[in-house]
Amino acid sequence: MPKYILSLDQGTTSSRAVLFDDKQKIVASSQKEFSQIYPNDGWVEQDPVEIYSSQVAVMSEAVAHSGVSAENIAAIGITNQRETTIVWEKSTGKPVYNAIVWQCRRTAGIIEKLVADGLTDKIRRTTGLIPDAYFSGSKIAWILDNVDGARSMAETGELLFGTVDTWLVWKLTQGKVHVTDYTNASRTMLFDIHNLDWDDELLRALNIPRSMLPKVCSSSEIYGYTDVQGVDVPIAGIAGDQQAALFGQCCFDKGDVKNTYGTGCFLLMNTGADAFDSKSGLITTIAASAKGRPSYALEGSVFSAGSVVQWLRDDMRLIDESSEIERIAAKVPNCDGVYFVPAFTGLGSPYWDMYARGCIVGITRSTKREHIIRAALESIAFQSYDLISAIENDTGITITELRADGGASVNNLLMQFQADISGKAVCRPSESESTALGATFLAGLSVGVWRSTEELKALWRKEATFSPQMSESERIALLKGWERAVGRSLDWAER
């Protein structure tokens with residue numbers, strides 16, 4: 001009798017559930033978009049109740065459509081948008097405020113104070129991160145400081161904090177389990193990634209009570225149980241979405257690299273037992289591991305990638321469907337000198353400019369809709385090139401193959417341009433659901449569906465490889481233009 005793993009993939013714009021069998025094949029899946037809330041310039045929120053209800057709905061739909069009995073579901077794995085911050089009442093489960101999303105820049109002032117107080121080196125050494133509004137710590141502080149009564153409730157132990165994984169597990173276990181895993185904890189700017197514990201000095205600096213914080217566990221163990229069609233199914237794997245994708249791409253060895261093309265773009269290199277101190281604007285984070293002490297990764301983060309396509313579709317109405325972008329962009333051979341820098345909520349690695357804003361430059365009277373659409377698409381590859389260059393500078397390791405996944409990785413035009421502009425082979429796996437697959441692997445290893453990572457490697461397959469075809473002179477010219485365009489977007493918003 002085959003065994004099945006149910007993967008809950010809670011992303012930035014949608015909740016998904018994917019049911020895999022023990023051969024890594026998708027049996028059923030379901031997806032539901034949920035609301036994005038933009039109260040002010042640079043602010044991004046979501047409704048925690050809608051996050052949970054959408055996730056439960058797709059979980060039920062996937063199981064129902066699969067025809068698989070819940071008794072044959074060996075475990076549930078969870079992967080989630082990271083850094084997004086939820087604070088709720090311990091006694092009622094009621095959120096005290098909307099979820100503050102990882103993209104939100106409202107806490108830039110809090111970060112500036114940490115820097116002014118001389119905490120930059122402390123944060124870097126302890127957490128592997130840099131002081132930035134991207135991470136959870138300043139978002140917790142903002143909620144406590146700006147929601148009536150929240151500070152006093154937190155100090156008396158009445159409030160709980162969690163990233164989205166913690167919120168889902170707490171709800172799925174009826175409030176019995178308050179946990180996170182190493183990968184998500186490492187994104188809070190509060191966690192010592194070397195000693196594997198919350199850091200009291202950083203908690204004091206942001207005035208966050210330790211009692212709010214979840215227990216931190218490995219990425220592959222049984223945390224608790226939830227009811228699926230009357231059956232108690234173990235929740236047995238947790239990893240933040242990018243670490244889950246690294247694991248799902250079978251990047252188990254030092255030097256293995258993946259890039260996920262989702263709402264944002266995230267390039268991770270497995271660095272094994274070595275926690276590299278980046279000199280190139282990258283961050284050090286904890287990678288998902290099956291057993292024992294976790295390994296580390298270097299990560300570069302692009303805030304706006306797939307969200308650029310969403311913006312073209314929903315706000316500018318230059319396309320009707322996201323799937324159209326490749327066909328329309330291919331109508332022109334190049335961007336005719338147009339560059340698009342999608343710094344909607346600032347720029348992440350390697351620039352880390354909270355005040356950068358988006359711009360389109362190089363427009364002339366001959367610029368067409370197709371040029372702007374193609375420039376938006378190419379901006380994803382340009383931003384990823386910046387990360388590739390930074391990782392090679394930090395590690396001294398030359399990347400020869402980039403494993404690609406995420407929704408936009410199905411775009412052949414983007415993948416070919418990524419190979420051309422980076423000068424690297426880009427490999428797309430036969431199973432593009434690497435994030436959900438990573439959570440599946442972690443849960444399956446925990447309950448014995450698979451015995452080792454070597455067994456997982458043996459099942460991994462390539463679907464396509466894109467090799468560089470662009471001349472070196474053209475590549476260099478395009479990169480120089482991109483560098484000039486980024487310069488126009490930096491430090492634009494008012495402080």
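A brief structural summary.

Analysis parameters
- Residues numbered from 1 in each chain as written.
- Predicted model: local features only at pLDDT ≥ 70, side-chain atom pairs only at ≥ 80, totals over all residues.
- Heavy atoms only, no water.
- Salt bridge = Lys/Arg side-chain N within 4 Å of Asp/Glu carboxyl O.
- Helix = DSSP H or I, 4+ residues; strand = E, 2+ residues; numbered from the N terminus.
- Buried < 20%, exposed > 50% of the residue type's maximum accessible area, 1.4 Å probe, protein only.
- 1 Å grid on protein atoms, 1.4 Å probe; cavity = no way out; pocket = protein on both sides within 12 Å on 5 of 7 lines; lining within 4 Å.
- Points joined across faces, edges and corners; volume = space filled by probe spheres on them.
- Pairing = 2+ DSSP bridges.
- Axes fitted to C-alpha atoms, helices over the stretch in contact; angles between N-to-C directions.

Thoughts on the pattern of salt bridges
Turning to step 1, where the next piece is worked out: One pass over the full model with this rule turns up 29 salt bridges.
Turning to step 2, where the next piece is worked out: Among the ionic pairs, Lys122 bridges to Glu201, the shortest N-O distance being 3.5 Å. One end of the pair, Lys122, is in helix H3 (residues 120-127); the other, Glu201, is in helix H8 (residues 200-206), with 79 residues separating them in the sequence.
Turning to step 3, where the next piece is worked out: Of the residues examined, Lys122 reaches a relative accessible area of 14% and is grouped as buried.
Turning to step 4, where the next piece is worked out: On the accessibility criterion, Glu201 (37% relative accessible area) is partly exposed.
Turning to step 5, where the next piece is worked out: Shared partners join several salt bridges into a network, and the residues in it are Arg82, Glu83, Arg187, Asp241 and Glu299.

So, empty space enclosed by the protein
Turning to step 1, where the next piece is worked out: This structure, assessed with the given rule, holds 2 cavities of 30 Å³ or more.
Turning to step 2, where the next piece is worked out: Taken as a whole, the largest cavity holds about 70 Å³ of empty space.
Turning to step 3, where the next piece is worked out: Together, Val302, Phe303, Leu347, Gly348, Ser349, Tyr351, Gln383, Asp386, Trp482 and Val486 line the largest cavity.
Turning to step 4, where the next piece is worked out: Residue assignment for the lining of the largest cavity shows that the elements contributing at least two residues are helix H12 (369-395) and helix H16 (472-489).

Digging into the pairing of strand E14 (residues 231-240)
Strand residues, when the strand is regular, have side chains that alternate between the two faces of the sheet.
Turning to step 1, where the next piece is worked out: When you tally the buried positions in E14, you get 8 out of 10 residues, the bulk of the element.
Turning to step 2, where the next piece is worked out: By the bridge criterion, 5 bridges tie strand E5 (residues 73-80) to E14 in an arrangement that is parallel. By the bridge assignment, Thr79 is partnered in E14 with Ala239.
Turning to step 3, where the next piece is worked out: In the sheet, strand E13 (residues 220-228) pairs with E14 via 6 bridges, with the strands oriented antiparallel. Opposite Tyr225, over in E14, you have Pro234 as the bridge partner.

Things to note about the sheet that holds strand E2 (residues 14-21)
Turning to step 1, where the next piece is worked out: Spatial strand order, E3-E2-E1-E5-E14-E13: 6 strands in an open sheet with mixed pairing. Edge positions in the sheet fall to strand E3 (26-33) and E13, since each of these pairs with one other strand and no more. Taking each pair of neighbouring strands and ignoring which way they run, the sheet shows an average axis angle of 25°.
Turning to step 2, where the next piece is worked out: As judged from the 7 bridges shared by strand E1 (residues 4-10) and E2, these two strands associate in the antiparallel manner. By the bridge assignment, Tyr4 is partnered in E2 with Asp21.

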